[in-house]
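The residues making up each chain are set out below.
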Amino acid sequence: MSAHDTTSGKAPMSYLDYTVGTPVADTRAPAGPIEQRWDQRRFEAKLVNPANRRKHTVIVVGTGLAGGAAGATLAEQGYHVVQFCFQDSPRRAHSIAAQGGINAAKNYRNDGDSIRRLFYDTVKGGDFRARESNVHRLAQVSVEIIDQCVAQGVPFAREYGGLLDTRSFGGVQVSRTFYARGQTGQQLLLGAYQALSRQIAAGNVELHARTEMLDLIVIDGRARGIVARDLVTGEIRTHLADAVVLATGGYGNVFYLSTNAKNSNATAIWRAHRRGAYFANPCFTQIHPTCIPRSGDHQSKLTLMSESLRNDGRIWVPKAKGDTRPPAQIPEDERDYYLERIYPAFGNLVPRDIASRAAKVVCDEGRGVGPGGQGVYLDFADAIARLGRAAVEAKYGNLFEMYERITAEDPYTVPMRIYPAIHYTMGGLWVDYDLQTTVPGLFAIGEANFSDHGANRLGASALMQGLADGYFVLPPTLNDYLGRTPLEPVPGDHPQLAEVEAEVTDRLNLILAVDGDRTPDSFHRELGELLWDNCGMARDEAGLRHALARIPELREEFWRRIKVPGTGAELNQALEKANRLVDYFELAELMCLDALHRAESCGGHFRTESATPEGEAARRDEEFTYAAAWEFSGTGDAPVLHKEELVFEHVHPTQRSYA
Amino acid sequence: MNLTLRIWRQQGPDTPGEMTIYQVSGISEDMSFLEMLDTLNEELILRGERPVAFDHDCREGICGACGMVINGQAHGPERTTTCQLHMRHFKDGDTIDVEPWRAGAFPVVRDLVVDRSALDRIIGSGGYITAPTGSAPEAHATAVPKEAADLAFEHAECIGCGACVAACPNGSAMLFTAAKVVHLNVLPQGAPERASRVRNMVGAMDAEGFGGCTNTGECATACPKGIPLTGIARLNREFLRS
């Protein structure tokens with residue numbers, strides 16, 4: 001691999017011969033003290049007269065925490081919102097599955113928390129690969145989110161005095177996580193969904209459920225609409241607007257087995273990338289340490305057990321290799337509570353990337369438990385002895401029940417078996433301080449963007465970021481865009497519309513025409529395994545090169561052998577899967593290239609060549625203190641890398657230490 | 001294990017459907033019910049036949065997308081969602097009937113997929129607290145007694161899957177509506193809209209063509225989240241006092 005300067009005039013030879021283009025800058029963050037930047041930005045933002053807002057149509061794709069919150073808020077402000085979700089109801093977006101909680105710097109515990117500390121923890125937790133000004137804003141806004149959600153009737157856990165309860169999460173030594181038993185995501189999403197439903201009923205939001213975005217309309221350099229397919233009738237239609245907001249979540253399902261919902265996919269952000277939006281840090285993927293291990297080849301997805309369990313559960317494996325005794329027969333002194341041993345300060349509450357890698361290390365040593373040795377114990381015996389079964393049940397009852405349902409083992413009496421799984425993607429569409437992509441008028445919010453978590457996200461921060469973006473950050477910045485930008489109506493017969501619609505239709509027809517002998521899932525499993533093995537918990541140059549060689553072959557095979565029965569003019573779930581796979585192939589390629597080019601370890605990206613003597617991730621700050629924003633240049637063609645240099649004025653990069 | 005499946009196949013809302021028989025083999029007891037259907041669909045695709053359409057997404061029992069009537073019971077023999085039902089609850093050689101939710105207010109879209117948008121419209125009629133973004137007071141401005149918070153949570157757990165409607169002989173959505181009314185009406189934040197909420201939601205429920213409640217209790221028995229039947233009594237009380 002070599003990086004060419006675009007000015008050198010060398011023609012790119014292969015996908016790996018990416019070129020380095022002009023740097024990108026986050027030009028929208030105001031200068032000045034970090035505490036005042038968001039105030040300053042809002043003050044500078046242009047406003048749209050309330051009477052004029054209804055003349056503006058805004059498309060919001062996705063109805064999770066970010067999209068639901070944005071759609072409701074923009075409609076409350078008077079905009080005409082046209083909103084899309086592929087599910088049958090906006091209430092089913094995958095934010096609903098988030099279990100543990102949401103962070104906020106309320107300092108209700110008086111335990112030393114502050115906006116400054118949440119900011120610091122998030123930058124450090126992200127291994128110094130996030131943008132300081134964005135993260136500080138996130139910490140500031142976090143307190144407003146809790147107020148907003150309580151006002152909506154979100155039933156957070158409370159103390160007997162009627163005030164809100166909190167708990168601790170990984171990577172943090174204060175108790176700032178608000179929660180609603182093990183269903184915090186559900187309750188927060190229903191709050192946003194209810195606010196959105198109110199706006200739908202009032203006629204301010206036009207909802208298109210069971211409708212999937214398949215392409216972006218860019219006219220005169222600005223995002224002006226989307227092409228979407230009605231999943232029931234198969235009809236492909238263009239929807240026009242003055243701005244487009246993507247709130248379509250992350251791309252973890254590229255791995256096939258992940259904790260994402262089965263239909264979560266990358267098509268919306270990938271099609272936007274193909275239309276000019278840069279894609280940042282695609283190799284920054286998060287592997288969650290506490291998931292239920294897979295039980296066989298039939299496995300269709302993996303199930304997370306909330307990180308909050310690490311508050312009270314103790315993680316261990318046998319000290320001896322190949323110890324197959326049942327856990328109860330392994331005496332205390334023959335157990336290795338390896339997180340407590342290696343990281344005494346944080347113990348079982350180390351950040352996710354560290355807990356995941358430690359589990360991989362002990363399993364690779366042959367000390368893993370359960371079928372195939374791919375598991376470690378998460379043991380509640382001490383907590384039950386200390387707090388009583390009833391107290392443990394009150395905190396985690398629904399999680400224990402879910403575990404038992406899936407594994408047929410009772411975690412009150414037998415330790416849980418857990419193993420890491422793909423859970424979240426820190427990478428996503430590159431956005432500036434305003435959450436605008438490199439395509440003017442196209443915004444990306446929530447997990448769909450890359451902005452706030454750097455190379456590793458802390459627990460309970462996804463819900464915080466999704467709601468921060470949707471409720472509080474996007475509305476004023478979108479206001480500014482619409483107030484500042486003269487936009488002519490797009491004529492319905494604009495040639496670009498028919499062209500993009502035809503591209504979308506052609507691709508579906510091509511898939512249907514192959515009539516081969518392999519199912520979409522069989523390709524997806526193969527791609528997922530390739531990525532998990534080579535671009536998963538640990539990565540090295542040889543593995544990444546192997547994956548980069550294999551992906552184009554797999555793509556070529558797809559176009560020879562894919563089989564999808566039926567037509568495009570009907571509900572056709574196999575066609576939906578195959579169509580998403582086409583984008584996964586390209587995305588997987590970019591992930592591997594990004595992982596290959598970033599020859600350092602940081603956060604969730606662990607290059608085995610770049611480790612400390614203790615085996616921890618070793619960053620190479622002098623070379624890689626930047627966000628990698630990739631520009632698309634054609635399927636299989638070498639992309640262009642644009643670097644956004646990261647400046648740390650407030651949190652000085654150090655080797656992360658949780659010992 | 002080897003199983004015989006009798007699955008409802010229906011091309012669209014206006015075409016007649018029928019039970020179609022399929023054989024599946026090599027089913028592991030660790031598979032979820034949906035993974036068993038995935039196995040069937042993989043075979044159907046390779047044979048060039050249309051796979052069985054069914055709604056599903058999170059496969060963790062929380063999104064509420066999946067739902068089918070299995071051997072006459074909504075979500076099958078265990079009290080859980082279809083995605084969390086595992087094949088260890090069936091025996092080798094079993095014949096399993098699989099049908100869509102059947103209710104007047106849930107038209108069939110295709111095969112096992114039904115249109116549950118009527119539930120969204122009930123929420124839109126009043127299942128919210130009017131609190132525009134930015135208008136909220138400090139979260140601790142109003143303490144909420146723990147009992148009220150816990151009662152609200154117990155009802156807020158509803159996932160909107162529609163099993164209650166499918167299980168009810170009248171196709172009633174009383175338990176669904178009660179879950180949201182109780183969740184919001186017991187909280188101090190929900191008090192200002194307490195009366196209009198219950199009236200509007202009950203009105204919307206009737207307008208969508210759901211049946212009336214005759215206190216049969218099948219709904220609460222089928223509910224994968226354990227929304228209590230007493231919620232309906234609370235709904236009635238809220239309605240009477242409104």
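Every chain begins its residue count from 1, and numbering advances along the sequence as written. Key to labels: chains lettered from A, ligands numbered from 1, both in the order written. Since the coordinates come from a predicted model, pLDDT governs what is reported: local features require at least 70, and pairs of side-chain atoms require 80 or more to be given and counted, while whole-chain, interface and lining totals use all residues.

- In the nomenclature of an unreviewed UniProt entry, chain B is known as Succinate dehydrogenase of Kitasatospora griseola.
- UniProt positions are given in the numbering used here, feature names are shortened, and annotations may be inferred rather than shown by experiment. Regarding chain B, the UniProt comment filed under Sequence similarities (unreviewed entry) reads as follows: "Belongs to the succinate dehydrogenase/fumarate reductase iron-sulfur protein family."

1. A word on the overall build of chain A
Here is step 1: Assigned secondary structure in chain A consists of 17 helices and 22 strands.
Here is step 2: Every radius of gyration here is taken over C-alpha atoms, with the globule rule written as 2.2 Å times N^0.38, N being the number of residues. Taking 659 residues into account, the globule formula puts the C-alpha radius of gyration at 26 Å, and chain A, at 24 Å, falls close to it.
Here is step 3: Burial statistics for chain A: of 659 residues in total, 61% are counted as buried.
Here is step 4: A residue pair is marked as a contact if its C-beta atoms, positioned from the backbone, fall within 7 Å. Put simply, 74% of the contacts in chain A that link residues at least 6 apart link residues at least 24 apart. Helix and strand definitions here come from DSSP, where helices need a minimum of 4 consecutive H or I residues and strands a minimum of 2 consecutive E residues; each element is numbered from the N-terminal end. Residues with at least 20 other C-beta atoms within 10 Å of their own are called buried, those with 12 or fewer are called exposed, and the rest are partly exposed. The C-beta atoms themselves are positioned from the backbone.

2. Overview of the domain arrangement of chain B
All names here are of chain B.
Here is step 1: Throughout, the edges of the domains are those of an automatic or database domain assignment. In terms of domains, chain B is made up of domain 1 (3-110) and domain 2 (116-241).
Here is step 2: Averaged C-alpha coordinates put domain 1 and domain 2 at centres separated by 29 Å.
Here is step 3: Each partner contributes to the interface: domain 1 provides 17 residues, whereas domain 2 provides 16 residues.
Here is step 4: In this classification, the charged set is Asp, Glu, Lys and Arg, the nonpolar set is Ala, Val, Leu, Ile, Met, Phe, Trp, Tyr, Cys and Pro, and all remaining amino acids, among them Gly, are polar. Across the side of domain 1 that touches domain 2, the residue classes tally to 8 nonpolar, 7 polar and 2 charged.

3. Overview of the confidence of the model for chain A
Here is step 1: The quantity known as pLDDT measures the predictor's confidence residue by residue, on a range of 0 to 100. Averaged over all residues, the pLDDT of chain A equals 95, while 98% of them reach at least 70.
Here is step 2: Note on residues 5-10 of chain A: pLDDT under 50 across the span, and 6 contacts to partners over four residues away in sequence or across chains.

4. Quick word on the interface of chain A and chain B
Here is step 1: Each side of the interface is counted separately: chain A has 61 residues, and chain B has 66 residues.
Here is step 2: Going through the elements one at a time, α3 (65-76), α5 (132-152), α6 (184-201), α11 (389-407) and α16 (573-597) of chain A are the ones with two or more residues in the side of chain A that touches chain B.
Here is step 3: The element best represented in the side of chain A that touches chain B is α6 of chain A, accounting for 9 residues.
Here is step 4: Residues of the side of chain A that touches chain B, tallied by class, amount to 23 nonpolar, 23 polar and 15 charged.

5. Here's the deal with the sheet that holds strand β9 (residues 211-219) of chain A
Residues and elements named next belong to chain A.
Here is step 1: Here a strand pair is declared whenever DSSP counts at least two bridges between the two strands. The strand order β9-β10-β11 describes an open sheet built from 3 strands, whose pairing is antiparallel. The sheet is open, and its two edges are formed by β9 and β11 (236-240), each paired on a single side. Across this sheet, the average inter-strand angle for adjacent strands is 30 degrees, counted without regard to direction.
Here is step 2: Sheet analysis places β9 next to strand β10 (residues 222-230), joined by 8 bridges and oriented antiparallel. If you follow I217 over to β10, its bridge partner there is G225. Note on method: axes are straight lines fitted to C-alpha atoms, helices fitted across the in-contact stretch only, with angles between N-to-C directions ranging 0 to 180 degrees.

6. Thoughts on the environment of E157 of chain B
Here is step 1: The residue E157 of chain B is located in the loop between α3 (146-156) and α4 (163-167) in this model.
Here is step 2: The buried category is assigned to E157 of chain B, around which 22 C-beta atoms lie within 10 Å.
Here is step 3: In sequence terms E157 of chain B and R197 of chain B are 40 residues apart; their C-alpha atoms lie 19 Å from each other.
Here is step 4: What E157 of chain B contacts, discounting residues up to four positions off in sequence, is Q183 of chain A together with K225 and I227 of chain B.

7. So, the sheet that holds strand β17 (residues 376-379) of chain A
Residues and elements named next belong to chain A.
Here is step 1: One open sheet holds the 5 strands; their spatial order is β14-β18-β17-β15-β16, and the pairing between them is antiparallel. A strand with exactly one partner marks an edge of an open sheet, and here the two such strands are β14 (285-291) and β16 (335-336).
Here is step 2: As paired elements, strand β15 (residues 314-318) and β17 share 3 bridges and run antiparallel to each other. Across the sheet, the residue bridging to W316 is Y377, located in β17.
Here is step 3: Packed onto the sheet, helix α9 (residues 352-364) meets β14, β15, β17 and β18 (416-425) and runs at close to 65 degrees relative to β14.

8. Details of the nonpolar core
Here is step 1: With 286 residues, the main nonpolar core has V245, L246 and L429 of chain A together with V165 of chain B as its most contacted residues.
Here is step 2: Here this core gets 15 residues from one element, more than from any other, and that element is α16 of chain A. By definition, a nonpolar core groups buried Ala, Val, Leu, Ile, Met, Phe, Trp, Tyr and Cys residues that are joined through C-beta atoms within 7 Å.

9. Notes on the domain arrangement of chain A
Residue and element names in this part refer to chain A.
Here is step 1: Per the domain assignment, the segments making up chain A are domain 1 (288-423) and domain 2 (495-624).
Here is step 2: Between the C-alpha centres of domain 1 and domain 2 the distance comes to 30 Å.
Here is step 3: Contact residues are listed per partner, giving 6 residues for domain 1 and 6 residues for domain 2.
Here is step 4: Of the residues forming the side of domain 1 that touches domain 2, the biggest block, 5 residues, is contributed by α9.
Here is step 5: Across the side of domain 1 that touches domain 2, the residue classes break down as 2 nonpolar, 1 polar and 3 charged.

10. Points about the packing of helix α5 (residues 174-185) of chain B against helix α6 (residues 194-207) of chain B
Residues and elements named next belong to chain B.
Here is step 1: At a closest axis distance of 10 Å, the pairing of α5 and α6 adopts a crossing angle of 170 degrees. With respect to α6, the axis of α5 lies roughly antiparallel. Contact residues: T177, K180, V181, L184 and N185 in α5; R194, R197, V198, M201, V202 and M205 in α6.
Here is step 2: Of the residues belonging to the contact of α5 with α6, the class tally is 6 nonpolar, 2 polar and 3 charged. Throughout, the term roughly parallel applies to angles under 35 degrees, roughly antiparallel to angles over 145, roughly perpendicular to angles from 65 to 115, and oblique to all others.

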